[in-house]
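Structural description and commentary
Each chain, written out:
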Amino acid sequence: MIVTVWGARGSIPCPGPDTVRYGGNTACVEIRAADGRRLILDGGTGIRRLGLTIPPKVRHLDILLTHLHIDHILGLPFFEPLFRPDMEVRLWGPASTTHDLRARLGRYLSPPLFPLGLRDLPRRLTFHDVPFEGFTAGGFRVSAMLIAHPGPTVGFRIEDGSRVVTYLPDHEPALGGHGFALPPDWISGVALARDADLLIHDAQYTRDEYANRIGWGHSAIPDALAFAAAAGARRVVLFHHDPRRSDGTLDTLMEGADDAARRAGRDLEVIPGREGLVVELA
């Protein structure tokens, strides 16, 4: 499995001279297998550049949406393969008790927010509620469950043979003030991340920032590390960076996270999430 990060920011795109190395695009990750199978996670603004790299011979794509907050779907109408008449795209997203996935996405993909509507896209675009009993997408085995984040939000566990990638870009497992004192099975998302070879996890806040943002649906960096340790993950990509963070600030925070993991004696590799990051799970 080859994992490529195309967008690692949260909340809003933030391109500029201070965000060149980590990037300013919002959440989008691609997973590819050696035989060419691929799966796309989220449709933030990073999906635009990803779309330009998908060769014409590809005829089928699956896109998994963790939730429908704007930073995770903003890039969808700029995803070039959607406009190829011979392309079949399956969009998966969390179910809702009010409207189906097509109707909810149509609120964004329609005037006055966008000049085109869903009906203007190719007819081979289909919409699917994420099932919780496990399913196949992009040739990978996928498990999903609801996680702690405002609104219907799911996390994903993607498996290919013996390798596991878990994707939890917007997640607040410390919600409720219990921290990580509860048994692991009671912590949001642990079942998805258990023994993962690679965990991509929300790390938007510092500890001090989180104290004033409890319930917003995101994690402090120390909580992301504690969650990874509780789940027994081998590597963690710190992800969904706050749009205010400059490259220099993120360097400092990422170095501090790596030092903290080592001091705690955790057998955990900490990887700073940035655009262009490629992790190969051999």
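These notes cover the structure that comes with them. Please read all numbers here as calculations on a predicted model, not as lab measurements.

Notes on the packing of aromatic side chains
In this description, an aromatic ring pair is defined by two values, namely the gap between the centres and the angle between the planes. Throughout the structure, instances matching the rule amount to four aromatic pairs. With a centroid separation of 4.6 Å and 25° between ring planes, the pair formed by tryptophan 92 and phenylalanine 135 is classed as stacked. Of this pair, tryptophan 92 sits in strand S5 (residues 88-93) while phenylalanine 135 is found in strand S7 (residues 135-137), placing the two residues 43 residues apart along the sequence. Residue tryptophan 92 shares its accessibility class with phenylalanine 135, and that shared class is buried. Ring centres of tyrosine 108 and phenylalanine 114 lie 6.3 Å apart, and the angle between their planes is 55°; this geometry places the pair in the tilted category. Each member of the pair, tyrosine 108 as well as phenylalanine 114, carries the same accessibility label: buried. Every member of this aromatic cluster is reached through a ring pair, and the members are Phe78, Tyr108 and Phe114. The cationic tip of arginine 37 hangs over the ring face of phenylalanine 140; the distance from NZ or CZ to the ring centre is 5.1 Å.

Section: unusual backbone geometry
With the exception of glycine, most residues fall at negative phi, and the peptide bonds are largely trans. For the bond from proline 111 to proline 112, the omega torsion is 5°, close enough to zero to count as cis. Tracing the backbone shows proline 112 in the loop between helix H2 (101-108) and strand S6 (125-129). Although it is not a glycine, aspartate 42 adopts a positive phi angle of roughly 70°. Among the structural elements, aspartate 42 can be located in the loop between strand S3 (38-41) and helix H1 (47-53). Although it is not a glycine, histidine 240 adopts a positive phi angle of roughly 60°. Its place among the elements puts histidine 240 in the loop between strand S12 (235-239) and helix H6 (247-263).

Criteria and cut-off values
- Residues numbered from 1 in each chain as written.
- Predicted model: local features only at pLDDT ≥ 70, side-chain atom pairs only at ≥ 80, totals over all residues.
- Heavy atoms only, no water.
- Phe/Tyr/Trp six-rings, centres within 6.5 Å; stacked < 30°, edge-to-face > 60°.
- Helix = DSSP H or I, 4+ residues; strand = E, 2+ residues; numbered from the N terminus.
- Buried < 20%, exposed > 50% of the residue type's maximum accessible area, 1.4 Å probe, protein only.
- Lys NZ or Arg CZ within 6 Å of the ring centre and 35° of its normal.

None of this, on its own, says anything about what the molecule does.
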